[in-house]
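A closer look at the structure
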Amino acid sequence: MKLGDKIGEGAYRDCFAVADNPDLCAKVQREMVTRRIPILEISLTLKTRLFLLFRYGETDLNRRENRIINKFPTVLRQYMPEVIDLRVDPSDPEKTQLVATRPRDFDGQYSASMLEYGPVDNEAFWEHVDKIAEAMVEYDLISTDVFFRGQNLLVQRVAKDHYRPVLVDVKHIGRAVPHVRKPQLIFKNEFLKAFYSKLEDFKAKFKGPETRKFQ
Ligand SMILES: Nc1ncnc2c1ncn2[C@@H]1O[C@H](COP(=O)(O)OP(=O)(O)OP(=O)(O)O)[C@@H](O)[C@H]1O
Ligand SMILES: [Mg+2]
């Protein structure tokens, strides 16, 4: 599948518009990754697959994320892009693309990430956030990465007075990998405490008067 413009990037993956259908995008995992190693206070550039093997016990984040999404209950699935499909490169099965729809606002613009959008002043939006958090706890699908710096969710303006969060990166779910700096997080109650405290920080940062201007 031919890819077009890059529309987003994270630490491990780039996201491109699909060339002949820009309403779709595809995530592609990068060959190399640069990460800070906290206890050693240094940055290391490593093969992404090798790094992920240590971090997640597997080497392809697209496969991992696709598997997680497929297990989502409807209550969470409704906050994801509509279509999600894992494509495996026929000539190299190690290479995958995670294809998804790109949500649009009611006025036709592609929805912005929360990081780009900034603070959100919309009651419905924050009710949706609480519903997501509640479902994550109920189904034991907590992600400490979704409610964080705002890069992993979009603010979709479905109507002038109704915004919805759309989760676009849910690879980081569960307590699978014990945290070196915070070993107490292997205990469920400690993990829950950390989740709620992150959620509060997220609200403190993003709940408030809007700075984004629309024409
Ligand atoms: N369906 C989508 N529609 C619009 N933008 C998207 C979509 N999926 C991903 N993106 C954009 O691409 C960026 C990179 O994707 P993603 O967050 O999955 O990469 P990552 O490397 O796994 O992230 P991280 O740095 O959080 O570990 C996202 O932050 C988001 O801005
Ligand atoms: Mg991300």
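Residues numbered from 1 in each chain as written. Chains lettered and ligands numbered in written order. Predicted model: local features only at pLDDT ≥ 70, side-chain atom pairs only at ≥ 80, totals over all residues.

Things to note about the sheet that holds strand E8 (residues 112-113)
Taken in spatial order, the three strands of this open sheet run E8-E9-E10, and their pairing is antiparallel. Sheet topology places E8 and strand E10 (162-167) at the edges, where each strand pairs with a single neighbour. Direction of pairing for E8 relative to strand E9 (residues 153-159): antiparallel, over a ladder of two bridges. Bridge assignment links alanine 112 to a residue of E9, and that residue is valine 155. (Pairing = 2+ DSSP bridges. Helix = DSSP H or I, 4+ residues; strand = E, 2+ residues; numbered from the N terminus.)

Some thoughts on the site of ligand 1
Within the structure, ligand 1 sits among 21 residues, and Gly8, Gly10, Ala11, Cys15 and Asp169 are positioned closest to it. Here the element with the most residues in the shell around ligand 1 is strand E1 (residues 3-9); it accounts for three residues. (Near = placed C-beta within 6 Å.)

Considerations on the pairing of E1
Here four bridges tie E1 to strand E2 (residues 13-18), and the two strands are oriented antiparallel to one another. Across the sheet, residue glycine 8 finds its bridge partner in E2, namely cysteine 15. From the end of E1 to the start of E2, which pair antiparallel, there are three residues.

A look at the nonpolar core
Met114, Val120, Ile132, Leu153, Leu154, Val155 and Val166 are the most contacted members of the largest nonpolar core, which has 22 residues in total. Of all the secondary-structure elements, those providing two or more residues to this core are helix H5 (123-138), E9, E10 and helix H6 (188-206). The element that contributes the greatest number of residues to this core is H5, accounting for four residues. Setting aside residues no more than four positions away along its own chain, methionine 114 makes contact with Gly150, Leu153, Leu154, Val155 and Phe206. Counting residues in each nonpolar core, the second largest holds seven residues, with Phe16, Cys25, Ala26 and Ala100 among its members. (Core = buried A, V, L, I, M, F, W, Y, C linked by C-beta atoms within 7 Å. Buried ≥ 20, exposed ≤ 12 C-beta atoms within 10 Å, placed from the backbone. Contact = placed C-beta atoms within 7 Å.)

Comments concerning the environment of aspartate 121
As for its placement among the helices and strands, aspartate 121 is situated in the loop between helix H4 (114-117) and H5. Given 13 C-beta atoms within 10 Å, aspartate 121 falls into the partly exposed group. Measuring from C-alpha to C-alpha, the distance between aspartate 121 and tyrosine 163 comes to 9.3 Å, with 42 residues separating the pair along the chain. Among all residues touching aspartate 121, those that are not within four sequence positions of it are Gly208, Pro209 and Glu210.

So, unusual backbone geometry
Unusually for a residue other than glycine, glutamate 41 sits at a positive phi of about 55 degrees. Considering the arrangement of structural elements, one finds glutamate 41 in the loop between strand E4 (32-37) and strand E5 (42-47). Assessed through the 7 C-beta atoms surrounding it within 10 Å, glutamate 41 is described here as exposed. You will see that aspartate 140, though not glycine, has its phi angle at about 55 degrees, which is positive. Counting through the fold element by element, aspartate 140 comes out in the loop between H5 and E9.

Considerations on the sheet that holds E1
Pairing is antiparallel across the open sheet formed by five strands, whose spatial order is E1-E2-E3-E7-E6. A single partner strand is all that each edge strand has here, and the edge strands are E1 and strand E6 (84-88). Pairwise comparison of adjacent strand axes, ignoring direction, gives a mean angle of 30 degrees for this sheet. Across four bridges, strand E3 (residues 21-29) lies against strand E7 (residues 96-101) in antiparallel orientation. Opposite lysine 27, over in E7, you have leucine 98 as the bridge partner. (Axes fitted to C-alpha atoms, helices over the stretch in contact; angles between N-to-C directions.)

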